[in-house]
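Each chain, letter by letter, is given below.
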Amino acid sequence: MGKKSVITEAQEIQLAIELIQLGARLQLLESETSLSRERLLKLYKELKGMSPPKGMLPFSTDWFITWQPNIHSSLFINIHKYLVEHARIVGIEAVMKAYKLYLEQLGRNQDDDEPVLSLTRAWTLVRFFESKMLTTKPCRCCTGHFVVHRLDLHQDYVCGLCHMPSRAGKTKKARDAALEAVLAEMA
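Everything in this summary refers to the structure shown in the same document. Predicted, not measured: the structure shown is a model, and the values here were computed from it.

Considerations on the nonpolar core
Formed by 39 residues in total, the largest nonpolar core has its most connected members in Leu19, Leu29, Phe76, Ile92, Tyr99, Leu119 and Leu125. When contributions to this core are tallied by element, the ones reaching two or more residues are helix H1 (6-21), helix H2 (26-32), helix H3 (37-48), helix H4 (67-87), helix H5 (91-106) and helix H6 (119-130). The greatest single-element share of this core, amounting to eight residues, is contributed by H5. Ignoring any residue separated from it by four or fewer positions in sequence, one finds Leu119 in contact with Leu19, Leu22, Ala24, Leu28, Val95 and Tyr99.

A closer look at the side chain of Thr120
Topologically, Thr120 is positioned in helix H6. Judged by relative accessible area, which is 4%, Thr120 ranks as buried. In this view, Thr120 contacts Gly23, Ala24, Arg25, Leu28, Leu57 and Pro58; residues no more than four positions away in its chain are not counted.

Examining the layout of surface pockets
Leftover empty space is mapped by rolling, across the atoms, a probe with the size of a water molecule. When its volume is computed, the second largest pocket comes out at roughly 280 Å³. Every residue lining the second largest pocket is counted, 16 residues in all, and those nearest its centre are His80, Val84, Val126, Phe129 and Glu130. Secondary structure elements with two or more residues in the lining of the second largest pocket: H4, H5 and H6. Classifying every residue of the lining of the second largest pocket by side-chain character gives nine nonpolar, two polar and five charged.

What to know about the packing of aromatic side chains
Using the criterion set out here, one finds four aromatic pairs in the structure. A cation over an aromatic ring shows up here: Arg121 above the ring of Trp63, its NZ or CZ 4.0 Å from the ring centre.

Overview of unusual backbone geometry
A positive phi is found at Arg88, a non-glycine position, where the angle reads about 55°. Mapped onto the fold, Arg88 is located in the loop between H4 and H5. According to the relative accessible area criterion, Arg88 is exposed, its value standing at 67%. Even without glycine at this site, Thr143 takes up a positive phi of about 65°. Looking at the secondary structure, you find Thr143 in the loop between strand S1 (134-138) and strand S2 (145-149). Look at Thr143 and you get exposed, because its relative accessible area is 55%.

The rules behind the values
- Throughout, a residue's number is its position along its own chain's written sequence, starting from 1.
- A pLDDT threshold of at least 70 governs which residues receive local features in this predicted model, and a stricter bar of 80 or more applies before side-chain atom pairs are shown or counted, although totals over entire chains, interfaces and linings include all residues.
- Here the side-chain values reflect all heavy atoms present in the structure, with hydrogen atoms and water set aside.
- In this description, a nonpolar core means a group of buried Ala, Val, Leu, Ile, Met, Phe, Trp, Tyr and Cys residues linked to one another through side-chain atoms lying within 4.5 Å.
- Burial here depends on accessible area, computed with a 1.4 Å probe over protein chains only, as a share of the maximum for the residue type. Under 20% is buried, over 50% is exposed, and the range in between is partly exposed.
- Working definition: helices are DSSP H or I runs of at least four residues, strands are E runs of at least two. Numbering for both runs from the N terminus.
- Any two residues whose heavy atoms approach within 4.5 Å at even a single point are treated as in contact.
- For each structure, a 1 Å grid was placed over the protein atoms alone; sets of points admitting a 1.4 Å probe that cannot get out are labelled cavities, open sets with protein on both sides within 12 Å along at least five of seven lines are labelled pockets, and lining residues have an atom within 4 Å of a point.
- Grid points are joined across faces, edges and corners, and a volume is the space filled by probe spheres set on the points.
- The classification used treats Ala, Val, Leu, Ile, Met, Phe, Trp, Tyr, Cys and Pro as nonpolar, Asp, Glu, Lys and Arg as charged, and all other residues, Gly among them, as polar.
- Any two rings among Phe, Tyr and Trp, with Trp reduced to its six-membered ring, count as a pair given centres within 6.5 Å; such a pair is stacked if its planes are under 30 degrees apart, edge-to-face if over 60, and tilted if neither.
- Cation placement over rings: the criterion is NZ of Lys or CZ of Arg within 6 Å of the ring centroid and within 35° of the ring normal.

What is shown is where atoms sit, not what they do.
Structure follows, in structure tokens:
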């Protein structure tokens, strides 16, 4: 067994800290660092003050195709592709930088409500692209590139922004915001 470098271990711990602060799940941490599960659990509890969430990671490409997740996924993957092609950043560093830029584009920071696309989903999305399960196709109306299933037919693809579904924006959160606006006007 080879010697463990203190510097390498410190870099792994720093990476794990950054990933945890961005909302990484334990499975992502185990996959991207060489730290033991016990060490990662202790680190997570120390940073977040609670145990990491349990459960399986997202494993279906279908989530990324639905209306709102598709818009957010497309934004993220286009940022990621740009960083990989032009800034020559790869691996988990590219995912982290792209995710930070994605949050910046949303006008959010880590203290706000949970964004539509979590870091774990963004990481999974990149893995789906690497395994050639998903790709991007340009919308024939706006020419923006959007996430699609690789093997589907996309000759005349129209994105969810150019052809919004009838129920788009009718979430509980949107209703509550509209109600609050009406109540504020009445006061």
